Amino acid sequence: MTRLLASATVLAMVLLASASTDSARLHDANLAWERGDYVAALKAYLQMLDAPGADEVFEPIALQTGELYYTVELTADGAAPLFSPDERHLTYETGAGLQRVIRLLPSDGSTTPVAELTGTGAAFSPDGSKLAYLRLAAPSPQLREAQAALDAAAGGERAQRQAAVNRLVAAESQIAVRDIATTTETIVDTGGTWKTAVMLGAGGAILFSGLSAEGPPQIYLVAAGEAPRAVTSGEGLKTLVAFNSTGSAALFTVRAGGGGRGGGRGGAGGAATFGVVTLPEGKVTTVRGSAPAFSADGASLAYIAREGADSMLMVGPATNPSAATAVRKGPERIDAPALSPDGSRIAFQMMPREDWEIFVVSGDGKEATRLTREIQHDLMPQFLAPNRLLAVMGEARHRRSYIYDLDTGRRSRLFHNNTVRTIAPESVWVPSSSGAKVLFSAERDGDTVSPERGIYLMDLSRKVTREELRARVAGNLAAEQALRAKGQRMYAPIAAAVKGIVDQASVDRVFAYQARLFSFDSKHITRPGNRLASEYLFETYKSFGYEPEYQWFEGRNALGGKTANVLATLTGTVNPELVYVVSSHYDSVAGGPGADDDSSGTAALLEAARILVKHPQPATIVFASFTGEEAGLLGSREFVRQAVANRVRIVGALNNDMIGWANDQRLDNTIRYSNPGIRDIQHSAAMQFTRLITYDALYYKSTDAAAYYEAYGDIVGGIGSYPVLGNPHYHQSHDVLETINHQLVTEVARTTAATLMLLASSPSRLAELNVVSFGGGVAALSWQPSPEKGVTGYIVAWGPPDS
């Protein structure tokens, strides 16, 4: 017995020592990840996954590198994902314009549709056996002409032409109800009423948002064997939102002033008034409030109401909202209530200071818990189970999903993109009724420019396998090593010179620039600070040794009638006619000083200009401080207009915007690019010469970079916090100096200078590369000669057809 006990003790000590060693290795690998040393981190993760005890580190490695749960891409271009209440099926929409279709799929992860239906607005019956939708079987010639006009419309005309298409679609669509098992469809006679949304209730009842010739938009009820009848009355645009799970009550919102034959579908958030339709009688109760939501069991309803300066969290019976009572009342802003499955707990977002946080309160209001303390916005909670909550984090252009355990407070990241560098913004989150699965709409490839969004199905009951995780980590390691090796090759001829220059960047100087710009308060073109900032920039460039110039123009509502870009030029030594531009906008919104948006980018621009002034490069570099970005990209468009008129050969452009927000201890930012070559140079510049950790996203629309792209094509790079971060101070009066990490801004200045040095020392992107002919395995290519002097040859690379 003594020997057995001794053996057991030794075994326990060995196991404890092994667990301690694994924990230390994981800790060290995670620290390497945090500082951006992804090669070291990924190598360590692989070693741990291949060693005994891999089960202990499996979950944290999976969460660090991507998704823990099995996830499948249903389509690369879809929208409006939806589960059936019985979770047997799901739908999403895909295609544009009149080619829009609804795909009906099993919810087991199969990507093969059960049916593909021409139309929009799918809605399941409460038992999941039927599907209603707005069917557009045979568009009229008039509708086809309207769609063609929309497809050809310029930006300023699109809204009006889209409205024309919506009107015709609403007029020509039919309500179709499909039996999923038999595939038979029934067309509902709506008597010529225009239709914009449809839902199925208990007992085969149908509700739809519609418009007749007699008056404003209303909610209509079609009971079995009866003609449609309007159950609402009065003015305002009424939009169906949701049925409860039993099909006995439906929510609709009312937007004041809405009307006419416009069409479209809305949501609950922000509406001042909503209504509840109860079945079978079709009784309507109108409520002054916003953000209504049912509990999963269909019995309860929560919403937000106002009383004077206070916000109130209201909870009551789903079929009798007038009986709701306040479970929380206070001056803080609250929104987005979500009820637990049985209605006994309510989660909601509240703004105790500058950013939204998630709170949970019991149904009687007596037990309240703050769930989040993240510096970013925490938003839109949804219950997956009585003790499990899904919520999202970040600013609207980039949000990420998390699961919260309400018993422990533990947070786990949910959806990701399974790559180290590329960012995948999420936009839609739809849990199944049991909370076992979630549908996402996201840009997994990081492409925020094109309208395509992927639809993804995640199964929370099924984790990725060890083999799948190992393949993910190995693939990321190979990609990271290739990126680093490529960067070292590119920079090898000038690495020593680059390091000598970027090391001169000063955090103290960067802070001084920002402090001075901050002192001008708002720098919007309608404020005195705009002129003060332009004068400061002019004098600062001049103090560095440049001969700066104002680029004056008349701006809409500009104080004094005009505003100015401020430009400083570093003339090239070999190819002075070839120009690289680096820019940031120095103006801010009218209501705030814009410390991050975009004094941070302006400070980095100034410091890059200062350290490069005595080191002219082979090509010319223009440092451009733009005005009027917040008034509609005015300065960048004027700069590009004049450049095109003067035939300036801009061959590359960097634009830095919002780079300094102090979210956490990490010095991270996003490369926002159109040109993948410039993206790779910026990654390499950051990795080799700075402490900056860089991610990337195809992202240039609605920024000053768009002006370059529109006139000169695919030549854009640059750095910005979005969409990695989610600055809660964005466009607010509290976007102030103390929220800025000045070291982060300095690292961006270094990365920018290093990028410019390689760009201006290298051949620019070749133009008009074409395949003249291809046959018998032989291709003939043509391209415009490189404009740089001294080019001695070209390298042609090729690969498989899908590369």
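All of these numbers come straight from a predicted model, not from anything done at the bench. (Residues numbered from 1 in each chain as written. Predicted model: local features only at pLDDT ≥ 70, side-chain atom pairs only at ≥ 80, totals over all residues. Heavy atoms only, no water.)

1. Describing the overall build of the protein chain
Definition in use: Where helices and strands are cited, they refer to DSSP runs of H or I of at least four residues and of E of at least two residues respectively, numbered from the N terminus. For the radius of gyration, the atom set is restricted to C-alpha positions; the globular benchmark scales as 2.2 Å times the number of residues to the power 0.38. A 1.4 Å probe rolled over the protein chains alone gives each residue an accessible area, and that area as a share of the maximum for its type sets the label: buried under 20%, exposed over 50%, partly exposed in between.
Helices and strands together make up the secondary structure of the protein chain, namely 14 helices and 42 strands. The C-alpha atoms of the protein chain give 29 Å as radius of gyration, which agrees with the globular expectation for 803 residues (28 Å, within 12%). Seen along its three principal axes, the alpha-carbon backbone of the protein chain occupies a region of about 90 × 85 × 70 Å. For the protein chain, the proportion of its 803 residues judged to be buried stands at 55%.

2. Quick notes on the pattern of salt bridges
Formally: When a carboxyl oxygen of Asp or Glu lies within 4 Å of a side-chain nitrogen of Lys or Arg, that pair is called a salt bridge.
This model, assessed by the stated rule, comprises 29 salt bridges. One salt bridge connects R103 with E116, and the closest N-O pair in it is separated by 2.9 Å. Here R103, found in strand β4 (residues 101-106), pairs with E116, found in strand β5 (residues 115-124); they are 13 residues apart in sequence, far enough to count as distant. What makes R103 partly exposed here is its relative accessible area of 22%. On the basis of relative accessible area, E116 is assigned to the partly exposed category, the value being 48%.

3. Here's the deal with empty space enclosed by the protein
Regions of empty space are outlined by a rolling probe, equal in size to a water molecule, passed over the atoms. The line we're drawing: Cavity and pocket criteria rest on a 1 Å grid covering protein atoms alone: a 1.4 Å probe that fits but cannot get out defines a cavity, protein on both sides within 12 Å along at least 5 of 7 lines defines an open pocket, and an atom within 4 Å of a point defines a lining residue. Grid points are joined across faces, edges and corners, and a volume is the space filled by probe spheres set on the points. In the scheme used here, Gly and all other residues not listed as nonpolar or charged are polar, with Ala, Val, Leu, Ile, Met, Phe, Trp, Tyr, Cys and Pro taken as nonpolar and Asp, Glu, Lys and Arg as charged.
Within the structure shown, the criterion is met by 1 cavity of 30 Å³ or more. A volume near 30 Å³ is recorded for the largest cavity. Residues belonging to the lining of the largest cavity are distributed by class as follows: 3 nonpolar, 4 polar and 1 charged.

4. A look at the environment of V510
We count it as follows: Contacts between residues were defined by any pair of non-hydrogen atoms, one from each residue, lying within 4.5 Å.
Within the element layout of this structure, V510 appears in helix α8 (residues 507-519). Residue classification places V510 among the buried residues on the basis of a relative accessible area of 0%. As for V510 and L744, which are separated by 234 residues in sequence, their C-alpha atoms are 10.0 Å apart. Those residues within four positions of V510 in sequence are excluded, and the remaining contacts are A603, E607, H742, V745 and T746.

5. Here's the deal with helix α9 (residues 528-544)
This is how the line gets drawn: Expected span, for any helix, means 1.5 Å times one less than how many residues it has.
In this model α9 runs 25 Å from its N-terminal to its C-terminal C-alpha over 17 residues, within 8% of the 24 Å that 1.5 Å per residue would give. Regarding α9, the residues found buried are G529, N530, A533, S534, Y536, L537, F538, T540, Y541 and F544. Buried positions along α9 lie against α8, β32 (549-553), β33 (563-570), α10 (595-612) and β35 (619-626). Once α9 finishes, G545 follows within two positions and takes phi at roughly 120 degrees, a positive value.

6. So, the environment of Q688
For Q688, the position within the fold is in helix α12 (residues 676-689). As a C-alpha pair, Q688 and R370 span 318 residues in sequence and 42 Å in three-dimensional space. Setting aside residues no more than four positions away along its own chain, Q688 makes contact with G487, Q488 and Y491.

7. Quick word on the layout of surface pockets
The space that makes up the second largest pocket amounts to roughly 1600 Å³. Residue lining of the second largest pocket: 39 residues in total, with R765, L766, L769, I795 and A797 positioned closest to the centre. Listed by contribution, the elements that provide at least two residues to the lining of the second largest pocket are α6 (466-491), β36 (649-655), α12, α14 (742-760), β41 (770-775) and β42 (778-782). The biggest single contributor to the lining of the second largest pocket is α12, with 6 residues. Tallied by class, residues from the lining of the second largest pocket come to 25 nonpolar, 10 polar and 4 charged.

8. Brief notes about the sheet that holds strand β29 (residues 426-431)
Stated formally: When DSSP locates at least two bridges between a pair of strands, those strands are taken to pair. Every angle, taken between N-to-C directions, lies between 0 and 180 degrees, and every axis is a line fitted to C-alpha atoms, over only the stretch in contact when it is a helix.
Sheet architecture is open: 4 strands sit in the order β1-β31-β30-β29, paired in antiparallel fashion. In this open sheet, the two edge strands, each paired with only one partner strand, are β1 (69-75) and β29. Averaged over neighbouring strand pairs, the angle between their axes works out to 25 degrees when direction is ignored.

9. Describing a nonpolar patch on the surface
Note the cut-off: A patch is a set of surface residues, each over 30% in relative accessible area and not in a salt bridge, joined within 9 Å for like charges and within 5 Å for the nonpolar side chains Val, Leu, Ile, Met, Phe, Trp and Tyr. Surface accessibility follows the Shrake-Rupley procedure with a 1.4 Å probe radius. Residue values consider only the protein chains on display as shielding.
Residues L769, V771, F774, L781, V796 and W798 make up a contiguous nonpolar surface patch of roughly 730 Å² in combined accessible area. Topologically, L781 is positioned in strand β42.

10. Section: the confidence of the model for the protein chain
Caution applies to low-pLDDT parts of the model: their predicted coordinates are not meant to be read in detail. Where we set the bar: What pLDDT conveys is the predictor's confidence in a given residue, as a value from 0 to 100.
Averaged over every residue, the pLDDT of the protein chain is 91; residues scoring 70 or more account for 95%. Overall, residues 3-17 carries pLDDT values under 50, and its contacts beyond four positions in sequence, including any with other chains, amount to 0 contacts. Overall, residues 259-271 carries pLDDT values under 50, and its contacts beyond four positions in sequence, including any with other chains, amount to 30 contacts.

11. As for the nonpolar core
Just so we agree on the cut-off: By nonpolar core we mean a set of buried residues, namely Ala, Val, Leu, Ile, Met, Phe, Trp, Tyr and Cys, connected to one another through side-chain atoms within 4.5 Å.
Y491, V498, Y541, Y546, L612, F623 and L756 are the most contacted members of the largest nonpolar core, which has 62 residues in total. Tallying contributions element by element places α14 first for this core, with 11 residues. Beyond its immediate stretch of four places on either side in the chain, L612 contacts I501, Y546, L570, F623, A753, L756 and M757. Counting 46 residues, the second largest nonpolar core, distinct from the first, contains V39, L49, F415 and L477.

12. Concerning the environment of D587
For clarity, the threshold we go by: N or O atoms closer than or at 3.5 Å make up a polar contact, with two conditions inside protein: a donor-capable atom paired with an acceptor-capable one, and, for residues adjacent in sequence, both atoms drawn from side chains.
Tracing the sequence through the fold places D587 in the loop between β34 (575-585) and α10. For D587, a relative accessible area of 0% corresponds to the buried category. As for D587 and N530, which are separated by 57 residues in sequence, their C-alpha atoms are 6.3 Å apart. Apart from the residues within four sequence positions on either side, D587 is in contact with K523, H524, N530, D597, D598, F626, T627, G628, E629, E630 and A631. There is a polar contact of 2.9 Å between the side chain of D587 and the backbone nitrogen of E630.

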